[in-house]
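Geometric and topological summary
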Amino acid sequence: MQYRRRSLSALLWGALVLLGSWVLMTSSRKLQAGEEVVVKLPIEVIGPDSFVVAVEVFVSDTSGVDSMFLKAHNLGYKYVPELDGSPNYDKKASFRINGGAWIPIDNAHFRAFYPESKMYAPPLTGPIGGPYQTLRGMISIRETGKLKPGRNVIEFRFNGTEGISSGYRVLELDLRRGGRNGTSAFRERASCGMILQHGGRPRGTTRRKPWPRASGSGKADASC
């Protein structure tokens, strides 16, 4: 009986995640005059295993956009005996764009900035899971869903707990052309696109009110 309840609960969570992603993706459209896309930071990806938070971002010109900048807190697992001697402290987080393949935010994909990039020792292969809890770096978006002009959905997932932690926070994000020193896809036009606001918390796609759309505010060019 208990097994059946767990199975039904898992199916329900999965259905809510899929439905939330579909609602966000099908809402994509061009910005209207007097409207801008707002993402509130930090994005708190905190919840049960496989918990997902979806946010909408606006990109007017997708040409050459190949990577995402992240500043995130608590991306790695804490020490537990099961991970002793293992490099798998970086299996906690992943993301995808527009329903594409999930990309791990791990030491193989996440290119941390200095000095964080040096703050680890074997068996770790990078700084996720090391002593620095807040990391900055770049991750390629080429292996996930393609960006499209207009609204796009970025989903962040908490893959599961090691028995201690329950998620992580995205403190800053950006989509860029040409990596770390490239140009931002969010700032190419002052009158339309992204406005990142600190404070507040986007709800996850597995919560009771799971599918918030980015609120419209400010003034935007009618041609956005």
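Moving on, we get to the sheet that holds strand E3 (residues 51–59). Strand order across the open sheet formed by four strands is E3-E9-E5-E6, with antiparallel pairing between neighbours. The sheet is open, and its two borders are formed by E3 and strand E6 (103–104), each paired with just one other strand. In this sheet, strand E9 (residues 150–158) lies alongside strand E5 (residues 93–97) in antiparallel orientation, the contact comprising five bridges. Bridging across to E9, arginine 96 finds its partner in glutamate 155.

Averaged over all residues, the pLDDT of the protein chain equals 79, while 69% of them reach at least 70. Across residues 1–6, where pLDDT falls below 50, the model places zero contacts with residues more than four positions away in sequence or in other chains. Predicted confidence is poor over residues 202–224, with pLDDT under 50, and the contacts of this stretch with residues over four places away or in other chains come to 69 contacts.

Structurally, the position occupied by alanine 72 is in strand E4 (residues 65–73). For the pair alanine 72 and leucine 171, spaced 99 residues apart in sequence, the C-alpha separation works out to 5.2 Å. Setting aside residues up to four positions removed in sequence, alanine 72 forms contacts with Gln133, Thr134, Leu135, Arg169, Val170 and Leu171.

Applying the stated criterion to the full structure yields 10 salt bridges. The partner of arginine 96 in a salt bridge is glutamate 155, with the nearest N and O atoms 2.7 Å apart. Here arginine 96 is found in strand E5, whereas its partner glutamate 155 is found in strand E9, with 59 residues between them in sequence. With respect to burial, arginine 96 and glutamate 155 carry one shared label: buried. Residue glutamate 116 is joined to arginine 136 by a salt bridge in which the shortest nitrogen-to-oxygen separation is 2.7 Å.

Cut-offs applied
- Residues numbered from 1 in each chain as written.
- Predicted model: local features only at pLDDT ≥ 70, side-chain atom pairs only at ≥ 80, totals over all residues.
- Heavy atoms only, no water.
- Pairing = 2+ DSSP bridges.
- Helix = DSSP H or I, 4+ residues; strand = E, 2+ residues; numbered from the N terminus.
- pLDDT = per-residue confidence, 0-100.
- Contact = heavy atoms within 4.5 Å.
- Salt bridge = Lys/Arg side-chain N within 4 Å of Asp/Glu carboxyl O.
- Buried < 20%, exposed > 50% of the residue type's maximum accessible area, 1.4 Å probe, protein only.

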